[in-house]
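Structural features, examined
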Amino acid sequence: MNTTRPCGCKGYRTCLHCESIYKIPTSGDDVKKSPLKKLVYCLYCNLCYHNEDPNSYKSHPNHIGEAVKLEGLYIKEDFITEEEHDRLMQNIDSMPWDVSQSGRRKQNFGPKTNFKGRKLRLGNFNGFPAFSKFVQQKFEEVPLMQGFQTIEQCSLDYDPKRGSSIEPHVDDCWVWGERVVTVNLLSDSVLTLTPNEHVERYNLDLVKTYPPVIGGFGNLVNAVIFVPMPRKSLIIMYGSARYDYEHRVVREDVRERRVCLAYREFTPIFLAGGERYQEGKVVSEKAKEFFS
């Protein structure tokens, strides 16, 4: 559907609002009907077990069945305190939200990117909100985050009243580096991973030209994997989890309002020694700034 919609949806993407207004068949996610086996990631033992209930990880260590290893996933519970969480949310909600697709709202701080044309420009990027600086500082406490410089910070608002979701995708590999980072706020949710069948998309062809990835590449588990995202947790995807799978948040897993902070770093192309370092340097310098 190519109709311009005030809810922010376009193309095949829909939310509850435009489905009602334009009589679009309700979009659902049939991932649980997939013939692939279903696994749930346990964030306590860093292994997956056969199950269809994303909350089954809470039975740790009493898992049933053989464990399966998923490479490239790190989850830290209680990454921020309750007081930090509430203060952060208060400040996030004090800023204006923009409509986005599939029932989401967003606040985006980062450069303008054209993934298909492989074009980057500073645009109106002026750094990040000062109230969120402590989150980036806390990254320094996590060994896996050493050397990470935030280039984009995006707040995403999911609400069951809008039928919020995000479609299966791999974060673009031309501009966004290996570590895909999320801080989950307000409510627990679930990230669903499925094998990426679209290896010609997302600028994935560039990955093999980069230095060796942190967690290995090509270690695919042919399964649907449900990854718990507890409230106040830090989630990092890298290596195989980052590149071998598409990730999504299905509508049915947004049962309460959920806000996440998404963080992205540059690929080697835009870092020292990279072919587009001068373009990247302009953005990297601006990304060191915080505004009140």
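So, here is what we can say about the structure in this document. What you see is a predicted model; the values in this text were computed from it and never measured.

Here is what the cut-offs are and how they apply
- Along each chain, residue indices are assigned from 1 in the same order as the chain's sequence is written.
- Local features in this predicted model are restricted to residues of pLDDT 70 or higher, and side-chain atom pairs are both shown and tallied only at a pLDDT of 80 or more, whereas totals for entire chains, interfaces and linings draw on every residue.
- Side-chain metrics in this entry use all non-hydrogen atoms of the structure; hydrogen atoms and water are not considered.
- Only strands that DSSP links by at least two bridges are regarded as paired with each other.
- Under the scheme used here, helices are H or I runs from DSSP no shorter than 4 residues and strands are E runs no shorter than 2 residues, and both carry numbers assigned from the N terminus.
- Axis geometry follows a simple rule: fit a line to the C-alpha atoms, using only the stretch in contact for helices, then measure angles between N-to-C directions, giving values from 0 to 180 degrees.
- Like-charged residues are merged into a patch within 9 Å and nonpolar side chains (Val, Leu, Ile, Met, Phe, Trp, Tyr) within 5 Å, provided each residue has over 30% relative accessible area and no salt bridge.
- All accessible areas in this document rest on Shrake-Rupley with a 1.4 Å probe, and a residue is counted as covered only by the protein chains that are shown.
- Salt bridge, as used here: a side-chain nitrogen of Lys or Arg that lies within 4 Å of a carboxyl oxygen of Asp or Glu.
- In this tally, Asp and Glu contribute negative charge and Lys and Arg positive charge; neither His nor the terminal groups of the chain are included.
- The atoms used to mark charge sites are NZ of Lys, CZ of Arg, CG of Asp and CD of Glu.
- Stacked, edge-to-face and tilted are the three classes for Phe, Tyr and Trp ring pairs, Trp counted by its six-membered ring, which pair at centre distances within 6.5 Å; planes under 30 degrees apart are stacked, over 60 edge-to-face, the rest tilted.
- The buried label applies to any residue whose accessible area, calculated with a 1.4 Å probe on protein chains only, is under 20% of its type's maximum; exposed applies above 50%, and partly exposed to all values in between.
- Put simply, a charge is over a ring when the Lys NZ or the Arg CZ is close to the ring centre, within 6 Å, and near the line of the ring normal, within 35 degrees.

1. A look at the sheet that holds strand 15 (residues 245–249)
Strands belonging to one sheet form pairs held by backbone hydrogen bonds; the direction of such a pair is parallel or antiparallel. The sheet built from 6 strands is open, its strands ordered 2-1-13-12-15-10 with mixed pairing. The strands lining the two open edges of the sheet, one partner per strand, are strand 2 (47–50) and strand 10 (166–169). Taking the axes of each pair of neighbouring strands and ignoring which way they run, one obtains an average angle of 25 degrees across the sheet. As judged from the 4 bridges shared by strand 12 (residues 189–195) and strand 15, these two strands associate in the antiparallel manner. Bridging across to strand 15, Pro195 finds its partner in Tyr245.

2. Some words on a positive patch on the surface
Among the surface-exposed residues, Lys10, Lys106, Lys112 and Arg121 lie close enough to one another that they form a single positively charged patch. Within the element layout of this structure, Lys112 appears in strand 6 (residues 112–114).

3. A look at the sheet that holds strand 14 (residues 234–237)
If you trace the 7 strands from one edge of the open sheet to the other, you get 3-14-11-16-9-5-4, paired in antiparallel fashion. Single-partner strands in this sheet number two, and they are strand 3 (73–76) and strand 4 (98–99). Here 7 bridges tie strand 9 (residues 152–158) to strand 16 (residues 258–264), and the two strands are oriented antiparallel to one another. Directly across from Gln153, in strand 16, lies its bridge partner Tyr263.

4. Here's the deal with the packing of aromatic side chains
Scanning the model with the defined rule gives 9 aromatic pairs in all. Considering the side-chain rings of Tyr44 and Tyr57, the 5.9 Å spacing of their centres and the 40 degrees angle between planes classify their relative orientation as tilted. Of this pair, Tyr44 sits in the loop between strand 1 (37–42) and strand 2 while Tyr57 sits in the loop between strand 2 and strand 3, and the two are 13 residues apart along the sequence. Judged by its relative accessible area of 42%, Tyr44 falls in the partly exposed class. Over the ring of Phe134 we find Arg87; its NZ or CZ atom is 5.2 Å from the centre of that ring.

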